[in-house]
Each structure stands twice: as structure tokens, then as C-alpha cells.
Amino acid sequence: MTEPSMTEFETLTDYLAPGLEIVFVGLNPSTYSVRVGHYFANPRNRFWAALNRSGLVGEELSPERDSELPKYKIGFTDVVKRPTPQASGLRAADYREWAPVLKRKLEHYQPLVACFHGMTGYKAYLKYGEGVEERPELGQQERTIGLTAIFVVPNPSPANAQYSLDDLVTWYRRLAEFRQEVLS
């Protein structure tokens with residue numbers, strides 16, 4: 001798989017492998033997360049709290065244990081691998097470069113479900129990875145990426161205050177139910 005050169009910047013390593021049931025797809029890594037070397041490492045980010053309360057994994061995990069998620073058949077990647085302090089730092093050129101790379105990764109590894117964190121990332125993927133502009137809603141999508149089903153949850157970023165921690169937990173529980181449906 002050919003990817004853009006990583007020599008320009010440091011980023012987070014993908015946690016991708018065959019046999020994953022869910023791959024969480026973030027918009028892009030924050031510079032804070034890259035500096036400490038873990039996904040969703042900002043203490044104000046609600047991903048880990050929501051994940052732990054949702055029942056998707058059988059024990060309490062933290063950013064420092066992100067590399068353990070594959071044992072739960074869960075992986076991580078991003079729409080764009082270039083880190084920024086905030087999502088507003090991304091440019092159309094970033095999506096043009098990276099969305100096709102994400103598509104190839106998901107087609108190669110074929111997880112059961114790709115779970116996009118937020119509409120911004122999913123819409124950018126659709127536009128630059130699939131060449132379509134749609135108005136998707138949260139939850140299960142009709143579209144797939146190869147054999148991979150798609151589910152969209154609210155972005156757990158502290159900048160997305162529209163959704164409470166309880167809302168996020170509810171969406172991750174829906175994701176768990178969707179995973180069971182796909183497995184059946």
C-alpha cells in the first residue's frame with residue numbers, strides 16, 4: 001500500500017490488522033495526542049470515558065492502553081494522518097491526499113465496521129474518498145467501504161459540546177448493538 005510520505009511530520013500509528021470488528025476512524029490526530037503518543041490523549045476528550053461506560057470493552061482502558069484495543073478486535077486510524085492542534089487546521093488538500101489512503105486501508109483490512117467519529121470526518125471521506133457529497137446522519141450508513149459497514153457517532157472532542165458524555169455512551173452502545181447485528 002502506497003502512502004504519502006511520513007517524513008514531513010510525526011503522527012499516530014494505525015492499529016489495523018485483519019479480523020478487526022470495529023475500526024474507529026478519527027478526523028485527524030491532535031498535536032497533543034501525537035506528542036504523548038496515544039489516541040484521544042487530551043484529558044478533556046471524552047472518548048475513553050464513553051468507551052468504558054458503553055460496554056464495548058470488558059475493562060476500563062485509558063489512552064496509555066490504546067495499543068490493547070486490538071485484543072478486543074478494535075482498531076484505530078484517521079481520515080487525515082497530519083496532526084493539528086484543532087480540526088480547523090485541516091485543509092482540503094489534506095482530505096484529497098488522505099481520504100483515498102483511508103479507503104485503501106479499509107478495503108485491505110476489511111474490518112466489519114468502520115466507525116467514524118463525527119460528521120466532519122465522514123463527509124470529508126465521502127467527498128474525497130468516494131467522490132460524492134451526501135447529507136448523512138449519525139448511526140448506520142447505507143453505504144459500505146468494500147465489505148466494511150459504516151457507522152457514525154458524534155465526535156468525542158471537547159470542542160463538540162453539543163453532545164454530552166451520556167449522549168456519547170448511548171451512541172457507543174448503539175455501535176455495540178450494530179456490531180452484533182453485523183456479526184449475526
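Structural data are supplied above this passage.
Report follows, based on the coordinates. (Residues numbered from 1 in each chain as written. Predicted model: local features only at pLDDT ≥ 70, side-chain atom pairs only at ≥ 80, totals over all residues. Heavy atoms only, no water.)

One finds Phe 24, Leu 69, Tyr 172 and Leu 175 to be the most contacted residues of the largest nonpolar core, which totals 29 residues. Mapped by element, the contributors of at least two residues to this core are β1 (22-26), α2 (47-54), β2 (74-78), β3 (113-117), β5 (148-153) and α5 (165-183). In terms of residue count, the dominant contributor to this core is α5 (7 residues). Setting aside anything within four residues of it in sequence, one finds Leu 69 in contact with Trp 48, Leu 51, Val 57, Leu 61, Ile 74 and Phe 76. (Core = buried A, V, L, I, M, F, W, Y, C linked by side-chain atoms within 4.5 Å. Buried < 20%, exposed > 50% of the residue type's maximum accessible area, 1.4 Å probe, protein only. Helix = DSSP H or I, 4+ residues; strand = E, 2+ residues; numbered from the N terminus. Contact = heavy atoms within 4.5 Å.)

Below, the discussion takes up the packing of aromatic side chains. Throughout the structure, instances matching the rule amount to 17 aromatic pairs. Taken together, the aromatic side chains of Tyr 15, Phe 24, Tyr 39, Phe 40, Phe 47, Trp 48, Phe 76 and Tyr 172 make up a single cluster linked through ring pairs. Over the ring of Trp 171 we find Arg 174; its NZ or CZ atom is 4.3 Å from the centre of that ring. (Phe/Tyr/Trp six-rings, centres within 6.5 Å; stacked < 30°, edge-to-face > 60°. Lys NZ or Arg CZ within 6 Å of the ring centre and 35° of its normal.)

The interhelical angle for the contact between α2 and α5, taken along N-to-C directions, is 55 degrees, at an axis separation of 8 Å. Taken together, the axis directions place α2 and α5 in an arrangement best described as oblique. In the crossing of α2 with α5, the sense of the turn from one axis to the other is right-handed. Of α5, the residues touching α2 (which contributes Phe 47, Ala 49, Ala 50, Leu 51, Arg 53 and Ser 54) are Leu 165, Asp 166, Leu 168, Val 169, Tyr 172 and Arg 173. Tallied by class, the residues present in the contact of α2 with α5 amount to 8 nonpolar, 1 polar and 3 charged. (Axes fitted to C-alpha atoms, helices over the stretch in contact; angles between N-to-C directions. Parallel < 35°, antiparallel > 145°, perpendicular 65-115°, else oblique. Left-handed = near helix turned anticlockwise from the far one by under 90°. Nonpolar A, V, L, I, M, F, W, Y, C, P; charged D, E, K, R; others polar.)

None of the figures reported here should be taken as evidence of function without further support.
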